[in-house]
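# Commentary on secondary and tertiary structure
Residue strings, one per chain:
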Amino acid sequence: QQAYVDQHIDLQLAGRITEARRQLAKTPQQPQLMLELVALYNQGGLYPEAVQLQQQLIELQGPQPELLAQLAELQYYRDQRQLSDSTCELLGQVFRQQPAQLQARMLLANALFQRQQYLPAIAQWQWLLAQPQYADYQQPLQTAIIRSRSASKAKRSRSSLERASRRLELCRSSFIRTTS
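Residues numbered from 1 in each chain as written. Predicted model: local features only at pLDDT ≥ 70, side-chain atom pairs only at ≥ 80, totals over all residues. Heavy atoms only, no water.

## A few points about helix H3 (residues 47–61)
An α-helical turn contains 3.6 residues, so any two residues separated by three or four positions project in the same direction. Stated formally: A run of DSSP states H or I qualifies as a helix once it reaches four residues; a run of E qualifies as a strand once it reaches two. Both are numbered from the N-terminal end. Multiplying 1.5 Å by the helix residue count minus one yields the expected span of that helix. Any two residues whose heavy atoms approach within 4.5 Å at even a single point are treated as in contact.
Across its 15 residues, H3 extends 20 Å between first and last C-alpha, which sits within 8% of the 21 Å expected from 1.5 Å per residue. Those residues of H3 that are buried lie in contact with helix H1 (11–26), helix H2 (31–43) and helix H4 (65–78). Looking one or two places after H3, you find Gly62, whose phi comes out positive at around 90°.

## So, the side chain of Gln75
Definition in use: With a 1.4 Å probe rolled over the protein chains alone, any residue whose accessible area is under 20% of its type maximum counts as buried; one over 50% counts as exposed, and the rest are partly exposed.
Along the chain, the position of Gln75 falls in helix H4. Judged by relative accessible area, which is 4%, Gln75 ranks as buried. When sequence neighbours within four positions are dropped, the list of residues in contact with Gln75 reads Val51, Gln55, Ser84, Ser86, Thr87 and Leu90.

## Quick look at the nonpolar core
What counts here: Throughout this description, the term nonpolar core refers to a set of buried Ala, Val, Leu, Ile, Met, Phe, Trp, Tyr and Cys residues connected via side-chain atoms within 4.5 Å.
Membership of the largest hydrophobic core comes to 47 residues, with the highest contact counts inside it found for Ile17, Leu37, Tyr41, Leu53, Leu91 and Trp125. Breaking this core down by element, the ones donating at least two residues are H1, H2, H3, H4, helix H5 (85–97), helix H6 (102–114), helix H7 (118–129) and helix H8 (138–179). With eight residues, H6 is the largest single contributor of residues to this core. Apart from the residues within four sequence positions on either side, Leu53 is in contact with Leu24, Met34, Leu37, Val38 and Tyr41.

## A closer look at the environment of Ser84
Formally: Polar contact criterion, stated in full: a pair of N or O atoms within 3.5 Å, where within protein one must be able to donate a hydrogen and the other to accept it, and residues adjacent in sequence count only if both atoms are side-chain atoms.
Inspection of the secondary structure assignment puts Ser84 in the loop between H4 and H5. Counting along the chain gives 12 residues from Ser84 to Ala72, while the straight-line C-alpha distance between them is 9.4 Å. Those residues in contact with Ser84, other than ones at most four positions away along the chain, are Gln75 and Asp79. Within polar-contact distance, the side chain of Ser84 engages the side chain of Thr87 at 2.9 Å.

## Some thoughts on the environment of Glu49
Within the secondary structure layout, Glu49 lies in helix H3. It is 7.8 Å that separates the C-alpha atoms of Glu49 and Val38, two residues lying 11 residues apart in sequence.

The structure is reproduced here in structure tokens:
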């Protein structure tokens, strides 16, 4: 493989990517090396490369929920934080195999939050809170829920203000017409 690395990545990371590529070229189809290189690509924002290598890893090891969730997250970032149809399909596969898969649930909740769909995001985080295996994540999940509730309340307030402002403008314009 060629040792080209994006210019915007710091030199230390670029060196680690180049070395990981060399190692993988010497011993191809080594899952651990592939995972390491995917993580480096991800860290460097090289999402298309990370997606391609993650797909190869899934072909090699089979469609395991953890690998599919990682691929969904990589695709999400590659697609500028958009849930594409293929990413949604991957999430569906993960949830059918392992409904409580943390990375996939967090990705879905965060994507919903980014779309300002606060109540569905809160539902995802609450679902995770109810899972005993995620007790260690209680504080960050509670924080995410609180942030979403605040954002939802602010969004409703902005909507109310915008509606009131539009009504006021309509009244003002109709008052101006009737007095002219």
